[in-house]
Amino acid sequence: TCNETEIINDKLKQTERELADIRKEANNYQNMLQQSQTQYATLERKYSKVKKILRDFQQRDRDMVR
C-alpha cells in the first residue's frame, strides 16, 4: 500500500504539472486573442475611415462632372 500511495502521489503531481502547463498555454492564447481583437478593431476603424473618404471623393467627382 505504501508503494501504491507513492504511485498515486506521483501521478497526482504529474497531473498537477500538466494542468499548470495547460493553464499557462490557455492564458497565452487568451492574450493572443485579446491582441488580435484590438488589432481587428483598429483595422475596422481605419477601413471605415477609408470608405468614408472614398465616398466623399466619389461624390466630389460626380459633382464636378455635373
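Preceding this paragraph is the structure being described.
Here is a short report on the structure shown in this document. Nothing here was measured: the structure is a model prediction, and the numbers come from that model.

Reading the values: rules and limits
Residues numbered from 1 in each chain as written. Predicted model: local features only at pLDDT ≥ 70, side-chain atom pairs only at ≥ 80, totals over all residues. Heavy atoms only, no water. Helix = DSSP H or I, 4+ residues; strand = E, 2+ residues; numbered from the N terminus. Rg over C-alpha atoms; globule rule 2.2 N^0.38 Å. Buried < 20%, exposed > 50% of the residue type's maximum accessible area, 1.4 Å probe, protein only. Salt bridge = Lys/Arg side-chain N within 4 Å of Asp/Glu carboxyl O.

1. Overview of the overall build of the protein
Of regular secondary structure, the protein possesses one helix and zero strands. In terms of overall dimensions, the protein is more spread out than a globule: its C-alpha atoms have a radius of gyration of 28 Å, far above the 11 Å expected for 66 residues. For the protein, the C-alpha atoms occupy an extent of roughly 95 × 10 × 5 Å along the three principal directions. Sorting the 66 residues of the protein into buried and exposed places 0% on the buried side.

2. Here's the deal with the pattern of salt bridges
Applying the stated criterion to the full structure yields one salt bridge. Two residues, Asp 56 and Lys 52, come together in a salt bridge whose shortest N-O distance is 3.1 Å. One end of the pair is Asp 56 and the other is Lys 52, both in helix 1 (residues 2-65) and four residues apart, which spans about a single turn.

3. Examining the environment of Arg 60
By the element assignment, Arg 60 lies in helix 1. Judged by its relative accessible area of 51%, Arg 60 is exposed. A sequence separation of 56 residues divides Arg 60 from Glu 4, and the C-alpha atoms of the two residues are 83 Å apart.

4. What to know about the environment of Asn 27
Mapped onto the elements, Asn 27 comes out in helix 1. Put simply, Asn 27 and Lys 49 are 22 residues apart on the chain and 33 Å apart in space, counted from C-alpha to C-alpha.

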